[in-house]
2 protein chains.
Amino acid sequence: MCMNMIVLFTRCIQLPGRHEGFQNLTKVSDALHTFLDAIGKPRIRLEFVSIDQSLGRILGADIIADRFIPPTDRAVMDGYAVRSSEVHNAAEGNPVVLRIVGESKIGEVFRLNVQPGQAVAVATGSSIPSGADAVVMDERTKLLSTNEVAILTPSAPGQHISRRGEDVSRGAVVLIRGRRIRAQDMGVLKALGLVRVRVVRKPRVAVFSTGNELTDMLQRDRPNKIVDINRLVLSEMIWERGGIPVDLGLVRDDEEEIMAALRKGLRSREAVVATAGSSVGEKDLVPACINKLGKPGMLVHGIAMRPAMPTGLAVVNGKPILSLPGFPVSAIFGFRVFGRPLIARLLGSEVIDDPVVKAVLREKISNSPGFRAFVRVALRRTPDGLIAEPLRVQRSSVLMSMVAANGIIVVPEDVAAIEAGQVVEVDVIGEISY
Amino acid sequence: MCMNMIVLFTRCIQLPGRHEGFQNLTKVSDALHTFLDAIGKPRIRLEFVSIDQSLGRILGADIIADRFIPPTDRAVMDGYAVRSSEVHNAAEGNPVVLRIVGESKIGEVFRLNVQPGQAVAVATGSSIPSGADAVVMDERTKLLSTNEVAILTPSAPGQHISRRGEDVSRGAVVLIRGRRIRAQDMGVLKALGLVRVRVVRKPRVAVFSTGNELTDMLQRDRPNKIVDINRLVLSEMIWERGGIPVDLGLVRDDEEEIMAALRKGLRSREAVVATAGSSVGEKDLVPACINKLGKPGMLVHGIAMRPAMPTGLAVVNGKPILSLPGFPVSAIFGFRVFGRPLIARLLGSEVIDDPVVKAVLREKISNSPGFRAFVRVALRRTPDGLIAEPLRVQRSSVLMSMVAANGIIVVPEDVAAIEAGQVVEVDVIGEISY
């Protein structure tokens, strides 16, 4: 989203002319709604993993504490557990002398009751003996003998004590289902004595690329073959989002082969991502194959976005299929816009957006009316703040535009241009340096 | 950093009074500089990994292209390769008829030269035959017979053509050493025909916890033992930052045991993180052990920050040691502030900051003069924008304050308070919901 932009019109209804063979294009937001509505709420499968394997996983069930943390009142300072009422007048000039009747050791249960005139030595983390209700820290006391201590400061009830259940109360809902588990969350799971935790199973997403021209490894005698990078890049993007990519390999521009790959993906995986062959040309067989495979088939074909216009969204027998364009940049944007929400839906979680920064635009950006443009920029820190420089080549055939970019400006459909010097919001997709 | 804040004084020189036994405290920025200066620039070790294992790794050497991508001029549309000078007047009402002399197939080398009056069929991705200098898209042509096509639109030189080397030019520096490899970067590595890539070896960081009271698993007969969660949490934080945590286990409050653990860590690992025993009490043996171990030993002990004040920073025989407090919240903040830059230094990379958002503060925050405070907040979206609500309990003994928090407000040393209603910057550490 951009600020201070030139608004051309507020709703895009019609797109002038045909677009590379598409009769009409669907708006990004409409396309995504249609797709997610058709997917519905897929059944979330759960599995147990050990706590130390749970980082980044989606919690499958609420965690309810079955104990108090800490289990007893505890000292948070080294010092002496006292009855606060006895020392409320204590001061450097008015020491209150107490008899040390023992030491409450960390990790052990102290059995004695603190009587009037008595104190018990405590260390950070040790239990507060019954009778005592405050801790005076070492530095505010003077040890007179092995069993006598002078208290040199007043103390209030509860001072320097961490109460039983202060951290976690028995019965409390500690973590809610659907949350992405962080390091500190693992800590509380372990503190509760858990060994395993129920998490959402990672959805397996099948990936294949179509195209007779593709190879996985250049051969000297076939210099004009094209190395398929989409399966690799998309697999990593699936992985980053919490899915498990399943590589179905390269598929030729052949209806039978494409049908077979789609069937294989749909049979045992939660979703399928196909790249190339997604447009309306002679060799764009994927959409037709999807429609032959089952209902409802293609839901959206051709989206008012740049790059990734020839993207198709489909559902067959309840399973989502993403038909992405073959140009790597298009495939990446198609996945960013539709694949990320798809995987979040399969995980029952929210989409994690990229961090957003504000930057000053260095060069004018133009947009085709009705399209949502994703403009790759180089973000740089300067003494005057962040600047965003649109990369010269924005063609979807140029992968280096994604490699050189560390930011993306999303230009909405109703914005025809953003002038140089405007402040824009930029999605951060890489490190920013000076 | 906060905006619109009450500035108390601009430089903190002295801290009033003693702080839990520390005679003086070092400012966070000074402590970090001292620590990183003493570490210097450790030798970066490299290793080869296969491309598909390189996500998130730090590139160990510049990548220079040994080929052009694309290797030849290529069509970016399905259509006909033509000599543009012949069709510059073409129009619907003025068709230019050309003879189709062949088809340039994707992935193959087309040998014929396009002569005047000729055209060659091309598909997206196929090579442009010599002689031709533009592509007319299918939709702007009319096929008259199997070997005759009418061109219905003018064409300019280079139109619908992706030039040889347009994406990557031979000899170009494609990726620079030190960059964190992303999915699209893996794509370009693969496109260049690479199979393996040289990356920085992950630094191995030894972790141990000290404390007689600690256990890894609660036992029914020792209900007052404390489950050690620091090793787990810190290990995950090391992992998230690109290091390999090495668990040295639990160590008793015993000088010999602590010395042995430190020696073991220093012998074969790049850094050591010890938790608990980091303060100045009777049982805080870690700092003294570090000093016995070698030079320069403890560099900083006691830092003007909350939480994590009793943090120690040390270097022994060129290897960094982080002595973190035992309370999990303190250990986490000590690691955030000093462990993250430490690992970045070991990787030869930059620290990745958390995303930052602006939010309206819901309740006043107070800060002790001279301290840098890390205030845990709950960030929430509201119809009026983001709000940040400081969590009620900020004690470092309360891990739930880290579990409930999805944001952190860093209050600088010269700010005594931030009033409710002010706009603050918040580091985002978890998902934000409504």
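Residues numbered from 1 in each chain as written. Chains lettered and ligands numbered in written order. Predicted model: local features only at pLDDT ≥ 70, side-chain atom pairs only at ≥ 80, totals over all residues.

Attention now goes to the sheet that holds strand 21 (residues 312–316) of chain B. Residues and elements named next belong to chain B. Spatially, 17-14-18-22-21-19 is the arrangement adopted by the six strands of the open sheet, whose pairing is mixed. Only two strands of the sheet have a single neighbouring strand rather than two, namely strand 17 (244–251) and strand 19 (296–301). Sheet twist, expressed as the average angle between the axes of neighbouring strands with direction ignored, equals 20°. Across five bridges, strand 19 lies against strand 21 in antiparallel orientation. Its bridge partner lying in strand 21, His301 is registered against Gly312. On top of the sheet, helix 1 (residues 28–39) reaches strand 19, strand 21 and strand 22 (319–324); it is set at about 165° to strand 19, its chief contact. Of the strands in this sheet, strand 14 (204–210), strand 17, strand 18 (271–275), strand 21 and strand 22 are in contact with helix 4 (residues 255–268), which crosses strand 17 at around 165°. (Pairing = 2+ DSSP bridges. Helix = DSSP H or I, 4+ residues; strand = E, 2+ residues; numbered from the N terminus. Axes fitted to C-alpha atoms, helices over the stretch in contact; angles between N-to-C directions. Contact = placed C-beta atoms within 7 Å.)

Now for the packing of helix 1 (residues 28–39) of chain A against helix 6 (residues 328–347) of chain A. Residues and elements named next belong to chain A. Orientation of helix 1 relative to helix 6, taken along the N-to-C sense of each, is 30°, at an axis distance of 11 Å. The angle between helix 1 and helix 6 falls in the class roughly parallel. When you trace helix 1 past helix 6, the crossing you get is right-handed. Facing Val28, Leu32, Phe35, Leu36 and Ile39 of helix 1, the residues of helix 6 in contact are Val337, Phe338, Pro341 and Arg345. Its residues assigned to classes, the contact of helix 1 with helix 6 shows eight nonpolar, no polar and one charged. (Parallel < 35°, antiparallel > 145°, perpendicular 65-115°, else oblique. Left-handed = near helix turned anticlockwise from the far one by under 90°. Nonpolar A, V, L, I, M, F, W, Y, C, P; charged D, E, K, R; others polar.)

A separate point is the domain arrangement of chain A. Here chain A is partitioned into domain 1 (17–44 + 201–347), domain 2 (46–69 + 167–200), domain 3 (78–157) and domain 4 (356–428). Averaged C-alpha coordinates put domain 1 of chain A and domain 3 of chain A at centres separated by 70 Å. (Domains from an automatic or database assignment.)

Their axes nearest at 8 Å, the elements helix 3 (residues 230–240) of chain A and helix 2 (residues 183–191) of chain B cross at an angle of 160°. Between helix 3 of chain A and helix 2 of chain B, the interaxial angle falls into the category roughly antiparallel. Two packed elements cross with a definite hand, and for helix 3 of chain A against helix 2 of chain B that hand is right-handed. Contacts between helix 3 of chain A and helix 2 of chain B involve Leu232(A), Val233(A), Glu236(A), Met237(A) and Glu240(A) from the first element and Ala183(B), Gln184(B), Met186(B), Gly187(B) and Lys190(B) from the second.

Moving on to the interface of chain B and chain A. Every contact between the two is made by 64 residues of chain B and, on the other side, 64 residues of chain A. Secondary structure elements with two or more residues in the side of chain B that touches chain A: strand 12 (173–175), helix 2, strand 16 (226–227), helix 3 (230–240), helix 6 (328–347) and helix 7 (400–404) of chain B. The greatest single-element share of the side of chain B that touches chain A, amounting to eight residues, is contributed by helix 2 of chain B. Looking at side-chain class alone, the side of chain B that touches chain A contains 30 nonpolar, 14 polar and 20 charged residues.

Further remarks concern the environment of Asp414(A). Assignment of secondary structure puts Asp414(A) in the loop between strand 27 (407–411) and strand 28 (415–418). Sequence-wise, Asp414(A) and Ser169(A) are 245 residues apart; in three dimensions their C-alpha atoms are separated by 52 Å.

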